[in-house]
Amino acid sequence: MTKIYIDADACPVKAEAEKVATRHQIPCLFVCNGGLRPSPNPYVELVIVPDGPDVADMWIAERAASVMWWSRVTFPWRPKRSKRVRA
């Protein structure tokens, strides 16, 4: 399932991410160490992580890594890279 993960501690585009999640009906997870009000939007979930440097980043990376591993196992082919055209 597609999800949007946002490190919301200092993200300047939280409102825009919420609009995109609503428009496309995709769950959006705002990951922070506190200080944000929960959104009434049913597509937005607030995840509170412990204080510390890069804790939100690590939380997101752990979940993204499991998704990337799963997709590599399920779809072992790699998309072909397009050749760059030099001007």
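Above this text you will find the structure in question.
Residues numbered from 1 in each chain as written. Predicted model: local features only at pLDDT ≥ 70, side-chain atom pairs only at ≥ 80, totals over all residues. Heavy atoms only, no water.

1. A short note on the nonpolar core
- Grouped together as the largest cluster of nonpolar side chains are eleven residues: Ile 4, Ile 6, Ala 8, Cys 11, Ala 17, Ala 21, Ile 26, Cys 28, Phe 30, Cys 32 and Val 44.
- Looking at this core, the elements with two or more residues in it are strand 1 (4–7), helix 1 (14–24) and strand 2 (28–32).
- Per-element tally for this core: the top contributor is strand 2, with three residues.
- With seven residues, the next largest nonpolar core counts Leu 29, Val 47, Trp 59 and Ile 60 among its residues. (Core = buried A, V, L, I, M, F, W, Y, C linked by side-chain atoms within 4.5 Å. Buried < 20%, exposed > 50% of the residue type's maximum accessible area, 1.4 Å probe, protein only. Helix = DSSP H or I, 4+ residues; strand = E, 2+ residues; numbered from the N terminus.)

2. Considering the sheet that holds strand 3 (residues 44–48)
- The parallel open sheet is built from three strands, whose spatial order is 1-2-3. Both outer strands of the open sheet, strand 1 and strand 3, are each paired with one neighbouring strand and no more. Neighbour-to-neighbour, the strand axes of this sheet turn through a mean angle of 25°, independent of strand direction.
- Direction of pairing for strand 1 relative to strand 2: parallel, over a ladder of four bridges. Bridge pairing in strand 2 links Ile 6 to Phe 30.
- With respect to the sheet, helix 1 is in contact with strand 1, strand 2 and strand 3, its orientation differing from that of strand 2 by roughly 155°. (Pairing = 2+ DSSP bridges. Axes fitted to C-alpha atoms, helices over the stretch in contact; angles between N-to-C directions. Contact = heavy atoms within 4.5 Å.)

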